[in-house]
Amino acid sequence: MSRSHHRSQTVVETGAGTTTGATHPSRAVRRRTLRIAAAGLTAVAALTLTACGQDNPLQTGAAKPYNPAPQAPQDQAAKGDADLPVGVRHERGRTEQASAEVGGPGAGTGTVGKGGSTVGVRHTACDAAKIRIVAQQLKRPVNHLLLEATNTSGATCDLHLAPYLRFDEAQSPLAELSASKPQAVVTLAPGESGYAAVQTSSADGSGRNGRTMRSLSVSLPGRDGKGSIGGSATVALPGGSVYVDDSAWVTYWQSDASAATTW
């Protein structure tokens, strides 16, 4: 009886069932292929994230809290001045310095010096005994005198309001022209002068009770306008006399002659 010979065959199992033969890939090969594909996908994802970070300008590093040091009050004040224009800072400093000044009796504030420049410092009122006052006849306007008051003392002083004028033996001073009031007091350094104009009579003859006056006395008021500083000064009239009627008035003190003769 003859023997039977059998050949063994390799059996490969797949997901679809059992397949015989050695021509199909093994399970190990498929696993290696899957690992290679997964690595490739990971690399592509990494490149994609990197490209997104470059295209997006808002991508930054990890955020860190910002805690600035508290600013000292003096630093803030200095910064505030630094933001101001140079001219404004200069004016501000000058104003603060002027506000610290302290004046004496009869002093004024916000004064105007020669030429109308603001001084901003307090001075004593000008004393009639230390001021030389001269009266001059004006051609224009007509029927006008110009009073020039020069500081002959060694200290700066203020000319307040309008001078008190009395012709002959008048009981009350001449009326002041309110429209001529300046914005600030006139300040006289030693040797400087202030001015006031006097209308002695109306140009059109409408004034009444006119008569010829032969003497003139001038007093200087203090800051409050009550009383006078240094008594009165006798002022010579040009030509020895002047005609005065009830339309007469005197201006406030002005820093220059042209301002005084405006009215």
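No experiment lies behind these values; they were computed from the predicted model shown. (Residues numbered from 1 in each chain as written. Predicted model: local features only at pLDDT ≥ 70, side-chain atom pairs only at ≥ 80, totals over all residues. Heavy atoms only, no water.)

Caption draft 1: Spatial organisation of the overall build of the protein. Within the protein, the regular secondary structure consists of four helices and 14 strands. Residue burial in the protein is summarised as follows: out of 263 residues, 27% are buried. Nonlocal contacts in the protein, meaning residues at least 24 apart in sequence, comprise 71% of its contacts between residues at least 6 apart. A total accessible area of about 17,600 Å² is found for the protein, and carbon and sulfur atoms account for 53% of it. (Helix = DSSP H or I, 4+ residues; strand = E, 2+ residues; numbered from the N terminus. Buried < 20%, exposed > 50% of the residue type's maximum accessible area, 1.4 Å probe, protein only. Contact = heavy atoms within 4.5 Å. Areas by Shrake-Rupley, 256 points an atom, 1.4 Å probe, with all protein chains shown as cover.)

Caption draft 2: Molecular detail of the pattern of salt bridges. Applying the stated rule across the entire model yields one salt bridge. Of the charged contacts in the structure, one is a salt bridge between R211 and D168, with a shortest N-O distance of 3.9 Å. Taken together, the residues span a long stretch of sequence, with R211 in strand β10 (residues 211-213) and D168 in the loop between β7 (164-167) and β8 (186-188) at a distance of 43 residues. (Salt bridge = Lys/Arg side-chain N within 4 Å of Asp/Glu carboxyl O.)

Caption draft 3: Quick peek at the environment of T234. Relative to the assigned elements, T234 resides in strand β12 (residues 228-235). Considering only alpha carbons, one finds T234 and R166, 68 residues apart in sequence, at a separation of 9.8 Å. Excluding its chain neighbours within four sequence positions, the residues that come into contact with T234 are L216 and S217.

Caption draft 4: Spotlight on the sheet that holds β8. Judged by pairing direction, the sheet is mixed, and its three strands sit side by side in the order β3-β6-β8 without closing on themselves. With one partner strand each, in any of the chains shown, β3 (124-125) and β8 form the two edges of the open sheet. With two bridges connecting them, β3 and strand β6 (residues 157-159) associate as parallel partners. Within β6, the position partnered with A125 by the bridge is D158. (Pairing = 2+ DSSP bridges.)

Caption draft 5: Layout of the sheet that holds strand β5 (residues 144-151). Read from one edge to the other, the open sheet built from four strands follows the order β4-β5-β9-β14, with strand pairing classed as antiparallel. In this open sheet, the two strands that pair with only one neighbour each are β4 (131-138) and β14 (249-250).

Caption draft 6: Representation of the nonpolar core. Grouped together as the largest cluster of nonpolar side chains are 28 residues, with contacts concentrated most on L159, L165, F167, V198, L216 and L220. For this core, the secondary-structure elements that each account for two or more residues are β4, β5, β6, β7, β8, β9 (193-199), β11 (216-221) and β13 (242-244). By size, the runner-up hydrophobic cluster in this structure holds five residues, among which are L138, Y195, A197 and A260. (Core = buried A, V, L, I, M, F, W, Y, C linked by side-chain atoms within 4.5 Å.)

Caption draft 7: Fine view of the environment of A236. Tracing the backbone shows A236 in the loop between β12 and β13. Given a relative accessible area of 63%, A236 falls into the exposed group. A C-alpha to C-alpha distance of 6.8 Å links A236 and A135, two positions 101 residues apart in sequence.

Caption draft 8: Structural detail: the environment of T261. Within the secondary structure layout, T261 lies in the segment after α4 (257-260). By relative accessible area, which is 24% here, T261 ends up partly exposed. A sequence separation of 63 residues divides T261 from V198, and the C-alpha atoms of the two residues are 8.8 Å apart. If we skip the residues at most four places from it in the chain, T261 touches L138, P141 and L146.

Caption draft 9: Looking closely at the confidence of the model for the protein. Of all residues in the protein, 54% attain a pLDDT of 70 or more, and the chain-wide mean is 73. Low confidence marks residues 1-24, where pLDDT is under 50. Its contacts with residues over four positions away, or in another chain, come to 13 contacts. (pLDDT = per-residue confidence, 0-100.)

Caption draft 10: How the structure looks around unusual backbone geometry. Residue P141 is reached from R140 by a cis peptide bond, and omega for that bond is -5°. You will see that D168, though not glycine, has its phi angle at about 50°, which is positive. Backbone geometry at N209 places phi at a positive 55°, although glycine is not the residue there. For N209, a relative accessible area of 68% puts it in the exposed group.

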